[in-house]
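Here's the letter readout for the chains.
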Amino acid sequence: MSVIFLVLPLALLIVAAAVAAFVWAARRGQYDDLDTPAIRAVQDD
Amino acid sequence: MLDTAERFAHIEATDVACSHCGLVVPPGYVEPGAERQFCCIGCRTVWSILHEHGLERYYQLPDRSEQPVRSTGRRYDDFDHPAFRSLYVSESPEGVARVELYLEGVHCGSCVWLVERVPLVVPGVLRAELNIRRSLATIEWTPATTSLSSIARALDSLGYPAHPFRGMAREQHRRREDRGMLVRIGVAGALSMNVMLASLALYSGWLDGMEAQYERFFRWTALSLTLPALVWPGRLFFISAWAALRTRTLHMDLPIAVALVAGFTRGVMNTVTDTGPVYFDGVAMLVFLLLCGRYLQLRGQRAATDSAELLFSLAPTTARVVGPDGEVRETPAEGLVPGDVIDVWAGDTLPADGIVESGVSSLNVAMLTGESRPVTTRPGDAVYGGTLNVESAIRVRVTQAGEESRLAKIVAQVEEGARRRAPMVLLADRLSGWFTAIVLVLAAVVAAAWWHVDQSTAIDNAIALLVVTCPCALALATPLAVTASIGRAAQRGILIKGGDALERLSKPSTLILDKTGTLTEGSHSLVAFEGPDWVKPLVLALEAESSHPLAHAFREGLGLTVLPRVEESRHVMGAGIEGRVAGRDVVVGKPSFVLTTIGADRTTIRADRAITDNADERKTADQATAFGGTRTPEASALSSARGLTEVLIAVDRTVVGRALFGDAIRSDAAAAVATLKRAGWQVGIASGDAQSVVDDVARAVGIASGRAIGDATPEGKLAIVQQLAAEEPVVMVGDGVNDAAAIAAASVGIAVRGGAEASLAAADVSLTRPGLTPLVELIMGARRTMGVIRLGIILSLAYNLVGVALAMFGLINPLFAAVMMPASSLTVIIVAWRRRTFAEGAP
């Protein structure tokens, strides 16, 4: 059971990485326009 | 009146489809034997551009919509002007320039494809990106290789007239705010989910027993995750609560902040002392859910405030100023001053108000006044900025420019209208103030009452009450239901900008409809042709070469492909065409022009006007005279000439026929009006057209004549709406710039399809499908949405009431509170998403 002392912080580190990735994406404006990219993906040749 | 079958008896369609847009090619444009046929020059241009640059794949795109290309043919020289560049263009040190353009005519996914392929069409363009929801294109190019004007010309020839986007400063701010909010939600979400997991371990330990070291570990984990959630995303609530305290107002954020601080402080105390519940899961979840609700609300309000900026972007940016030496220079419209003399070419939008100095032309003033007929202007006439010069070049002396112009004043009124909506928000705040006060008082009462019974649980119970009453579900109910409905409505071609519009559309009140373009088709079509069939080819041959709107209606109305040869022709501005076709003298045009040309006796006409003693008739006659028309014996035989434009046809000096042009009433108008009236709405008309015309339309669609108001200027429409709005909510439905101010001032403004972009910008709702059926669908959908909102509010209040009762009697425990709070939110979410508010076949 004491493995939790190691695993939980490790899991939180992964969460931190995910949050950092999200913040990076949001600040770079990747969520600014949620309509057009969907159309673009379908049409690109 | 002619019956419908007779009216359209002579109108046949050709079966030749345009190679670009797929619509029917008007007869005058059909090239016999050619493989490719085009309905207009615009479509031909786009077709050749696409083929030149290997972009034929455009024609295989799945969602290509059929619309003829509407390019203006402007030169866009002003886009290269240093003043323009300093205002709208940003340049990077590497020599890459960047601009945001507002494009007209963006309507479907294929537009994205086409606009983003501009780098292939214009060398030197590095990147083109289109935001379809807002019709904003971001263009990056190297000024060394190409100029912005050539990029704008390319976009224009593809059918997307470009305007500089004039709201950049606010846009930057808005983007920062949006991104900040998203980051907050993401962080709060991740933290609260993990606090929840830690708490889950604590709860299960609480039930089954857990070693003290693990319990302490989970407590400290939850604490260390909650703290950042409070100081980073949660800071928003503390700032707002602090602001409410300083201005001594009660705000919903106040009990939220108190609950967050109290819950967290108590949790920290219990963590340090290793006793009792910690509340961290509740605190973190509260921050996350409230932020979600707030974000949805923010996005809703956003769309509503964009309007004025887009409208402003539409005003013409360029003017051709005639210098003292007679030289014509293209300069930014912002620089115009009264006294300047400007040239306005055919197809140009007037950049300012003024007086015509020279030149005769016809103007399309529908944008400003709603008058559907082109108005002839002569030297000495007053003309207004924003109207479109249709026929030929005129020279205008500017009397009012910029802020002083009539268009600018209407724009200002639109902004004013958008601001005026604030009272509704204030009311909501005041209501939440009461909620706040009650919750705070209750919490204090609970704490005080329990203090006498059991000091150890008094604070816990008060905190439990604060947490459990926190209006998570309450705050989510409205934005969620509104967002779900707006999404569904968008799929049905109904674009709603804000939730408040749905709320006000749910209760029947007064509905004012514009006539031109709303109840009617909005364009001139041939409604009646009287005369022998052999006349038609002669007329069409003459009209085939004209760019006049009536000539276009002739081509669409008379379906003929084989035309006789025109030997000679002469166009008389604002009057008509005369010429020699197949050996015969043909004159087509206004009655006065035709009669003068063939030398008819004018006294017969005056005698005719004397016998029309009916008041309405006389008014129409006067109206006709005002537009240069005169009534003829033939015309007086038919009272259906009211509101119709009359064109006489003379062959070899004898009047042989006449054509009547009018604006046909939409086929679903009468049914829609009837449905709305049955639902309890008071339906009326406000139009810029003559009273007699408006009365005719009102009768046809079943609107009481007392509710049909004609001769209304844009300012007049605004006054009507403001007067009505003072007493009860009023809904304005319209399509032109002339309706924009009224649309903005109304409680709810609705723009119909095919309308001017200005009215689309000012409206709370725009309908992208033609006709009035979507209007009925919108109003019925709004009513259902309000039902869903009410259900959500009732459910969340029920949860809150039960929670308050339990907390007051000290029956609530942390596990129960933790389950109950998300459960109430979940119920509301399910209700909002499951209900069909706007759907195919919904009644």
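**Student:** How do you make sense of the sheet that holds strand 6 (residues 318-322) of chain B when you look at a structure like this?
**Tutor:** Note on sheets: strands pair through backbone hydrogen bonds, and any given pair is parallel or antiparallel. All names here are of chain B. As summarised here, the arrangement of the six strands in space is 7-6-8-14-9-12, forming an open sheet in which the pairing is antiparallel. Both edges of this open sheet fall to strand 7 (328-332) and strand 12 (382-383), since each of them pairs with a single strand only. Bridge count for strand 6 against strand 7 is five bridges, and the pairing is antiparallel. For A319, the partnering residue across the bridge sits in strand 7 and is T331.

**Student:** Looking at this structure, how should I read the nonpolar core?
**Tutor:** If you look at soluble globular proteins, the nonpolar side chains tend to sit buried side by side. Residue and element names in this part refer to chain B. Formed by 87 residues in total, the largest nonpolar core has its most connected members in L505, L511, L513, I750, V765 and L775. If one sorts the elements of this core by residue count, helix 7 (residues 168-208) sits on top with twelve residues. Apart from the residues lying within four places of it in its own chain, the contact partners of L513 are T518, L519, V673, V683, G684, I685, A686, I703, V733, L772 and L775. In this structure, C43, Y76, V106 and I151 belong to the second largest nonpolar core, which totals 52 residues.

**Student:** When you look at the sheet that holds strand 25 (residues 730-734) of chain B in this model, what are you seeing that I'm missing?
**Tutor:** Residues and elements named next belong to chain B. If you walk across this open sheet you meet the seven strands as 15-27-26-25-16-23-24, and the pairing is mixed. Each having just a single partner strand, strand 15 (494-496) and strand 24 (708-709) make up the two edges of the open sheet. Taken strand by strand, helix 28 (residues 714-725) contacts strand 16 (510-513), strand 23 (682-686), strand 24 and strand 25, and its axis lies near 155° from that of strand 25.

**Student:** What's the story with the pairing of strand 2 (residues 97-103) of chain B in this structure? I'm lost.
**Tutor:** Each regular strand carries side chains that alternate between the two faces of the sheet. Residue and element names in this part refer to chain B. With six of seven residues buried, strand 2 is to be regarded as a mostly interior element. Bridging between strand 1 (residues 90-91) and strand 2 involves two bridges; their strand directions are antiparallel. Note that in strand 2 the partner of S90 across the bridge is R98. In this structure, the hairpin formed by strand 1 and strand 2 is closed by a connection of five residues, where G95 is found at a positive phi of approximately 85°. Here six bridges tie strand 2 to strand 4 (residues 136-141), and the two strands are oriented antiparallel to one another. Counterpart to R98 in the pairing with strand 4 is E140.

**Student:** When you look at the pairing of strand 19 (residues 576-581) of chain B in this model, what are you seeing that I'm missing?
**Tutor:** Residue and element names in this part refer to chain B. The pairing of strand 18 (residues 566-572) with strand 19 spans six bridges and is classified as antiparallel. Across the sheet, R570 pairs through a bridge with E578, a residue of strand 19. Bridge analysis of strand 19 against strand 20 (residues 584-589) gives six bridges, and the strand direction is antiparallel. For V581, the partnering residue across the bridge sits in strand 20 and is R584. A loop of two residues connects strand 19 with strand 20, the two strands running antiparallel in sequence, and A582 in this loop sits at a positive phi of about 50°.

**Student:** What should I look at first to understand the packing of helix 1 (residues 4-27) of chain A against helix 8 (residues 212-231) of chain B in this one?
**Tutor:** Helix packing geometry: the angle between the two helix axes and the distance between the axes. The N-to-C vectors of helix 1 of chain A and helix 8 of chain B enclose an angle of 15°; their axes lie 12 Å apart at closest approach. By the angle between their directions, the pair helix 1 of chain A and helix 8 of chain B is classed as roughly parallel. Of the two elements, helix 1 of chain A crosses helix 8 of chain B, and the hand of that crossing is right-handed. Residues I4, F5, L8, P9 and L12 of chain A of helix 1 of chain A form the contact with helix 8 of chain B, whose participating residues are Q213, Y214, F217, F218, T221 and L225 of chain B. Class assignment of the residues belonging to the contact of helix 1 of chain A with helix 8 of chain B gives a composition of nine nonpolar, two polar and no charged.

**Student:** Explain the interface of chain A and chain B to me, please; I cannot follow it from the model alone.
**Tutor:** Where interface size is given, it is often the accessible area lost as the parts come together that is meant. Facing 25 residues of chain A, the contacting portion of chain B comprises 29 residues. Between chain A and chain B we count one salt bridge in total. When the shortest N-O distance is used, the salt bridge between R179 of chain B and D32 of chain A registers 2.5 Å. Of all the elements in the fold, those that place two or more residues in the side of chain A that touches chain B are helix 1 and helix 2 (36-43) of chain A.

**Student:** I tried to follow helix 27 (residues 691-701) of chain B on my own but got confused; where do I start?
**Tutor:** The α-helix winds at 3.6 residues per turn, so residues separated by three or four positions along the chain end up facing the same way. Along helix 27 of chain B, the residues that are buried comprise S692, V693, V694, D695, V697, A698 and V701 of chain B. Phi turns positive, to about 85°, at G702 of chain B, one or two residues after helix 27 of chain B.

**Student:** Would you take a moment to explain the pattern of salt bridges for this structure?
**Tutor:** Proximity of charged atoms lets side chains of opposite charge pair with each other. Residues and elements named next belong to chain B. Within this structure, the stated rule accounts for 19 salt bridges over all chains. Residues R397 and E357 are paired through a salt bridge, measuring 3.0 Å at the closest nitrogen-oxygen approach. With R397 in strand 14 (residues 394-400) and E357 in strand 9 (residues 353-358), the pair connects residues that are 40 residues apart, well separated along the chain. R584 serves as the salt-bridge partner of D652, at 3.3 Å between the closest nitrogen and oxygen. Of the two residues, D652 sits in the loop between strand 21 (645-651) and strand 22 (654-662) while R584 sits in strand 20, which places them 68 residues apart along the sequence. Here D652 falls in the partly exposed class, since its relative accessible area comes to 36%. Among the residues examined, R584 registers a relative accessible area of 32% and is labelled partly exposed.

**Student:** Looking at this model, I keep getting lost on the packing of aromatic side chains. Mind explaining?
**Tutor:** Remark: the centre distance and the inter-plane angle together describe each pair of aromatic rings, the angle taken between the planes. The tally for this structure, following the rule as stated, stands at nine aromatic pairs over all chains. Ring geometry for Y58 of chain B versus Y59 of chain B: centroids 5.5 Å apart, planes at 80°, classification edge-to-face. Following the ring pairs from residue to residue traces out a cluster consisting of F5 of chain A together with Y214, F217 and F218 of chain B. Above the plane of the ring of W345 of chain B lies R320 of chain B, whose end atom (NZ or CZ) is 3.6 Å from the centre.

Conventions we followed
- Residues numbered from 1 in each chain as written.
- Chains lettered and ligands numbered in written order.
- Predicted model: local features only at pLDDT ≥ 70, side-chain atom pairs only at ≥ 80, totals over all residues.
- Heavy atoms only, no water.
- Pairing = 2+ DSSP bridges.
- Helix = DSSP H or I, 4+ residues; strand = E, 2+ residues; numbered from the N terminus.
- Core = buried A, V, L, I, M, F, W, Y, C linked by side-chain atoms within 4.5 Å.
- Buried < 20%, exposed > 50% of the residue type's maximum accessible area, 1.4 Å probe, protein only.
- Contact = heavy atoms within 4.5 Å.
- Axes fitted to C-alpha atoms, helices over the stretch in contact; angles between N-to-C directions.
- Parallel < 35°, antiparallel > 145°, perpendicular 65-115°, else oblique.
- Left-handed = near helix turned anticlockwise from the far one by under 90°.
- Nonpolar A, V, L, I, M, F, W, Y, C, P; charged D, E, K, R; others polar.
- Salt bridge = Lys/Arg side-chain N within 4 Å of Asp/Glu carboxyl O.
- Phe/Tyr/Trp six-rings, centres within 6.5 Å; stacked < 30°, edge-to-face > 60°.
- Lys NZ or Arg CZ within 6 Å of the ring centre and 35° of its normal.

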